[in-house]
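Residues per chain, in single letters:
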Amino acid sequence: MNLQGSKILVLGASGGIGSAVAYELAKAGAALTLVGRQRESLKRLAKTLEQEVASVNILTGDLVADAPGVAQAAIRAATGIDMLINCAGMQVFGFSNDEQPQDTARLFATNVIGPIQLTNALLPHMLERRQGRIVHVGSIFGSIGFPCFASYSASKFALRGYSEALRRELVGTGVSVHYVAPRYTRTSFNQDAVARMAVALKMAQDDPADVAGQVLAAISSDRADTYLGWPEKLFVRLNALLPRLVDQSLMKQVAQMRPFARLNANRQTP
Ligand SMILES: NC(=O)c1ccc[n+]([C@@H]2O[C@H](COP(=O)([O-])OP(=O)(O)OC[C@H]3O[C@@H](n4cnc5c(N)ncnc54)[C@H](OP(=O)(O)O)[C@@H]3O)[C@@H](O)[C@H]2O)c1
């Protein structure tokens, strides 16, 4: 797919995966509108991308406070949006009985409600032009309920369900929906306890640049769902077909996860 001149809205652009995606899009000649809450990080990123001769708008916006407002501001700033790439998100890790109600609420507001409200607000604009692409970045944990990430898994299950339903609803309209599910990726998204646990559990780790490459490959090949990593892809299938098998392997693993979840028990989510 030729992205030259495509008007692309990148949510979570200041993050590890979002900034790597923005960089790949800039190299492909896209016209970018970058959104996040931290203006300074967006400005730094925009400066780097402009070296790729990219056209870049930056927009400070909060998905939780006003997702439809972000959509409208982006359409105005770029005079149209051809594609949304949503890389915004947050994580809550630990025992479910330690999770604070406000953290659960913010997690769902950031990972589910904000992205849905933003997408729904962009749709009339895309439907009117009979073209558009929606790309949501989910997680492997959005297909495999992972212990000590119960609410996070649930939020990504929800985002995957929304993406699947919306894709079916929009058939024949010219607007397509894609879902890309990374595995563990080296960004500051993973809190210290999670990073240490990943090493102890020998979890495979990807670099954000590789994930960004896969996001662009999913767009170019028009693939509906993309799961990153091997054997993660296989586990996603196995969990759907034979969940009891996956239960056994994860229930063994949970004993190794406990000390790291305990480390996080009294941590305040920023
Ligand atoms: N890293 C991993 O291991 C991993 C694995 C699987 C899936 N994922 C998924 O990949 C996506 C990107 O992850 P990442 O590693 O790049 O995370 P990250 O580095 O922590 O970046 C998260 C991004 O989300 C934005 N964001 C958070 N809350 C927001 C809000 N209320 N309004 C607007 N923007 C908000 C942040 O921007 P501001 O702070 O500037 O607002 C930041 O740009 C997430 O959806 C995550 O669930 C990550």
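All figures in this text were calculated on a predicted structure; none of them were measured in a lab. (Residues numbered from 1 in each chain as written. Predicted model: local features only at pLDDT ≥ 70, side-chain atom pairs only at ≥ 80, totals over all residues. Heavy atoms only, no water.)

**Q** So what exactly am I meant to see when it comes to the overall build of the chain here?
**A** Within the chain, the regular secondary structure consists of nine helices and seven strands. Over its C-alpha atoms the chain spans a radius of gyration of 18 Å, differing by no more than 12% from the 18 Å that the globule rule assigns to 270 residues. Taking the principal axes of its C-alpha atoms as reference, the chain extends roughly 50 × 40 × 30 Å. Within the chain, buried positions represent 51% of all 270 residues. Excluding contacts between residues fewer than 6 apart, the proportion of contacts in the chain whose partners are at least 24 apart in sequence is 71%. Summed over its atoms, the accessible surface of the chain is roughly 12,600 Å², and 53% of this surface lies on carbon and sulfur atoms. Computed over 28 positive and 21 negative side-chain charges, the inter-centroid distance for the chain is 3 Å. (Helix = DSSP H or I, 4+ residues; strand = E, 2+ residues; numbered from the N terminus. Rg over C-alpha atoms; globule rule 2.2 N^0.38 Å. Buried < 20%, exposed > 50% of the residue type's maximum accessible area, 1.4 Å probe, protein only. Contact = heavy atoms within 4.5 Å. Areas by Shrake-Rupley, 256 points an atom, 1.4 Å probe, with all protein chains shown as cover. Lys, Arg positive; Asp, Glu negative; His and termini not counted. Charge placed at Lys NZ, Arg CZ, Asp CG, Glu CD.)

**Q** In this structure, what is going on with the site of the ligand? I would like to understand it.
**A** The full set close to the ligand counts 29 residues, and Ile17, Arg37, Gln38, Tyr152 and Thr187 are the nearest of them. Between the ligand and the protein, one listed contact pairs an oxygen atom with a backbone N or O atom of Ala88 at 3.0 Å. Against a free-state accessible area of 890 Å², the protein chains account for coverage of 94% of the ligand. When residues of the shell around the ligand are traced back to their parent elements, those giving at least two are helix 1 (16-27), helix 3 (63-78) and helix 5 (150-169). For the shell around the ligand, the residue count by class is 11 nonpolar, 14 polar and four charged. (Near = heavy atom within 4 Å. Polar contact = N/O pair within 3.5 Å; in protein donor to acceptor, adjacent residues only side chain to side chain. Nonpolar A, V, L, I, M, F, W, Y, C, P; charged D, E, K, R; others polar.)

**Q** What is the right way to read the pairing of strand 5 (residues 132-137) from this model?
**A** Walk down a regular strand and you will see the side chains alternate between the two sheet faces. Strand 5 sits mainly inside the fold: six of its six residues count as buried. The side-chain alternation of strand 5 yields two buried faces, one formed by Gly132, Ile134 and His136 and the other by Arg133, Val135 and Val137. Sheet topology note: the strand 4 (residues 83-86)/strand 5 ladder contains four bridges and is parallel. Bridge assignment links Leu84 to a residue of strand 5, and that residue is Ile134. Handedness of the crossover is the feature at issue here: the chain leaves strand 4, passes through helix 4 (residues 101-129), returns alongside strand 5, and the resulting connection is right-handed. As paired strands, strand 5 and strand 6 (residues 175-181) are joined by six bridges and run parallel to one another. Note on strand 6: the bridge partner recorded for His136 is Tyr179. Considered for its hand, the β-α-β crossover made up of strand 5, helix 5 and strand 6 is right-handed. (Pairing = 2+ DSSP bridges. Right-handed = clockwise from strand over helix to strand, strands pointing away.)

**Q** What am I meant to see in the pattern of salt bridges here?
**A** Taken as a whole, this structure holds 11 salt bridges when the rule is applied. Note that Asp225 is salt-bridged to Arg167, the shortest N-O span being 3.2 Å. Here Arg167 lies in helix 5 and Asp225 lies in strand 7 (residues 225-227), a separation of 58 residues in the sequence. On the basis of relative accessibility, which here comes to 29%, the residue Asp225 falls in the partly exposed class. Among the ionic pairs, Arg196 bridges to Asp192, the shortest N-O distance being 3.4 Å. Of this pair, Arg196 and Asp192 both sit in helix 6 (residues 192-200), separated by four residues, roughly a single helical turn. A residue is classified by how much of its surface remains accessible, and Asp192, at 52% relative accessible area, is exposed. When salt bridges with common partners are traced through the structure, they connect Arg183, Asp206 and Glu232 into a single cluster. (Salt bridge = Lys/Arg side-chain N within 4 Å of Asp/Glu carboxyl O.)

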